[in-house]
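Here is what each chain is made of, one letter per residue.
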Amino acid sequence: MSNARPKDHSSALDARFAELVDEFSSPIARLARGYEADESRRLDLQQEIWTAVWRALPTFEGRSSHRTWLYRIAHNVATTEALRGRRDRLKRATPLESAAGRPEPSRDVERAAEGREALLRLEASVRALRPLDRQLVLLFLEGFERGEIAEITGLSPENVSVRLSRLRAELAQSLRKDGGS
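Owing to the predicted nature of the structure, the values given are computational and were not obtained by experimental measurement. For every chain, the first residue of the written sequence is number 1, and numbering continues from 1 along that sequence. Under the rules for a predicted model, residues below a pLDDT of 70 receive no local features and side-chain atom pairs below 80 are neither given nor counted, while totals for whole chains, interfaces and linings still include all residues. No hydrogens and no water enter the side-chain calculation; it runs on all heavy atoms of the structure.

Right, let's get into the overall build of the protein chain. Counting secondary structure elements, the protein chain contains seven helices and zero strands. The numbering of helices and of strands both runs from the N terminus, where a helix is a DSSP run of H or I of at least 4 residues and a strand a run of E of at least 2. Order of helices (α) and strands (β) in the protein chain, N terminus to C terminus: α-α-α-α-α-α-α. Long-range pairs, those at least 24 residues apart, make up 73% of the contacts in the protein chain between residues at least 6 apart in sequence. To be clear on the numbers: accessible area is Shrake-Rupley with a 1.4 Å probe, and residue cover counts the displayed protein chains and nothing else. Accessible surface, the protein chain: about 10,800 Å² in total, of which carbon and sulfur atoms supply 50%. Any pair of residues with heavy atoms lying within 4.5 Å of one another is described as a contacting pair.

Bringing the pattern of salt bridges into the picture now. By definition, a salt bridge exists where a carboxyl oxygen of Asp or Glu is found within 4 Å of a side-chain nitrogen of Lys or Arg. What the rule picks out here adds up to eight salt bridges. The salt bridge involving glutamate 142 is made with arginine 30; its shortest N-O contact spans 2.7 Å. Within this pair, whereas glutamate 142 is found in the loop between helix 5 (131–141) and helix 6 (146–153), its partner arginine 30 is found in helix 1 (residues 7–35), the two being separated by 112 residues in sequence. Neither residue differs from the other here; glutamate 142 and arginine 30 are each classed as buried. Shared partners join several salt bridges into a network, and the residues in it are Arg130, Asp133, Arg163, Arg166 and Glu170. Only protein chains enter the area calculation, which uses a 1.4 Å probe; residues under 20% of their type maximum are buried, those over 50% are exposed, and those in between are partly exposed.

A few words on the packing of helix 5 against helix 6. For helices, the fitted line uses only the C-alpha atoms of the stretch in contact; every axis is such a line through C-alpha atoms, and the angle between N-to-C directions lies from 0 to 180 degrees. Put simply, helix 5 and helix 6 touch, their axes get as near as 10 Å, and they point 145 degrees apart. In this structure, helix 5 meets helix 6 at a crossing whose hand is right-handed. Contacts from Leu132, Gln135, Leu136, Leu139 and Phe140 of helix 5 reach helix 6 at Ile149, Ile152 and Thr153. Three classes are used: nonpolar for Ala, Val, Leu, Ile, Met, Phe, Trp, Tyr, Cys and Pro, charged for Asp, Glu, Lys and Arg, and polar for all others, with Gly counted as polar. Of the residues in the contact of helix 5 with helix 6, the class split is six nonpolar, two polar and no charged. Crossings are sorted by hand: turned counterclockwise from the far helix by less than a right angle, the near helix makes the crossing left-handed, and turned clockwise it makes it right-handed.

With that settled, the discussion passes to the confidence of the model for the protein chain. A score from 0 to 100, pLDDT tells how confident the predictor is in each residue. Taken residue by residue, the protein chain gives an average pLDDT of 80. The fraction at 70 or more is 74%. Between the elements of the protein chain, mean pLDDT differs from a low of 74, seen in helix 4 (residues 109–128), to a high of 93, seen in helix 2 (residues 39–56). Within the model, the stretch residues 86–103 combines pLDDT values under 50 with 46 contacts to residues more than four positions away or in other chains.

We call a set of buried residues a nonpolar core when its members are Ala, Val, Leu, Ile, Met, Phe, Trp, Tyr or Cys and they connect through side-chain atoms within 4.5 Å of each other. Of all hydrophobic cores here, the largest spans 36 residues; its most connected members are Leu20, Ile49, Trp50, Val53, Trp69, Leu70 and Tyr71. Of all the secondary-structure elements, those providing two or more residues to this core are helix 1, helix 2, helix 3 (66–84), helix 5, helix 6 and helix 7 (157–179). Here the element with the most residues in this core is helix 1; it accounts for eight residues. Those residues in contact with tryptophan 50 that sit more than four places away from it in its chain are Phe17, Leu20, Val21, Phe24, Ser25, Ile28 and Leu70.

Looking at helix 6, one finds that the buried residues are Ile149, Ala150, Ile152 and Thr153. For helix 6, the angular spread of buried residues about the axis comes to 165 degrees, placing them on one side. At the exit of helix 6 stands glycine 154, carrying a positive phi of roughly 85 degrees. Arc definition: it is the arc formed by the directions from the helix axis to the C-beta atoms.

Bringing the side chain of glutamine 135 into the picture now. Following the sequence through the fold, glutamine 135 ends up in helix 5. With relative accessibility at 6%, the residue glutamine 135 sits in the buried group. The residues contacting glutamine 135, other than those within four sequence positions of it, are Tyr35, His75, Ile152 and Thr153.

So this is what it looks like as C-alpha cells:
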C-alpha cells in the first residue's frame, strides 16, 4: 500500500500521533463516557475521535495548543454522533472516572454506595444535557479554563461563564430531585 506522505514527514506525524494518544487517552476515554453509556459504543466513539485526530494532524497549524485542538476535534466528533441519533443518551448509567481518579475504598459501605449512586445520577444527568451543554460541563470537569473552553466551543468567555453557572445550578437541582433530598 502506498503512502501519500513523504516517509520523513509520515514518521514525524506517526510519532506525534503516538505522543497525543499517550498523553490524552485517559481524558478522551472520560470524555467518551460523558457522551456514551454503552461500553461498545463508547469504544467506537473513542476510535472515531482518534481517527479524526489522525486525519487532521497534518493540517495542525499550531494556532492553539495540541490539547485545545484535540478537544475541539473530540467534542465535534462526539456532538456530531449525538446529533445524528446514533448515540442513545438515556441508556442505563455506567460509571465515569472522576477527573481526580477513582474514589478510595471506604469502611462505611453504605456511605460508599450512596456516593456511587450520586456519581451514577450525575453521569446520567450530564448525558441527558443538550450536546453543547454537555460539552461545556465535560470540559469544565476536565479542568479547562473558561478561555480555553471558549476557544474549543467558539463561544465567548462570558457566555461560557454564564452557561456553566446555569448548568451547575441545573445539575445540582437535578441531583437533589433524583436523590430525594
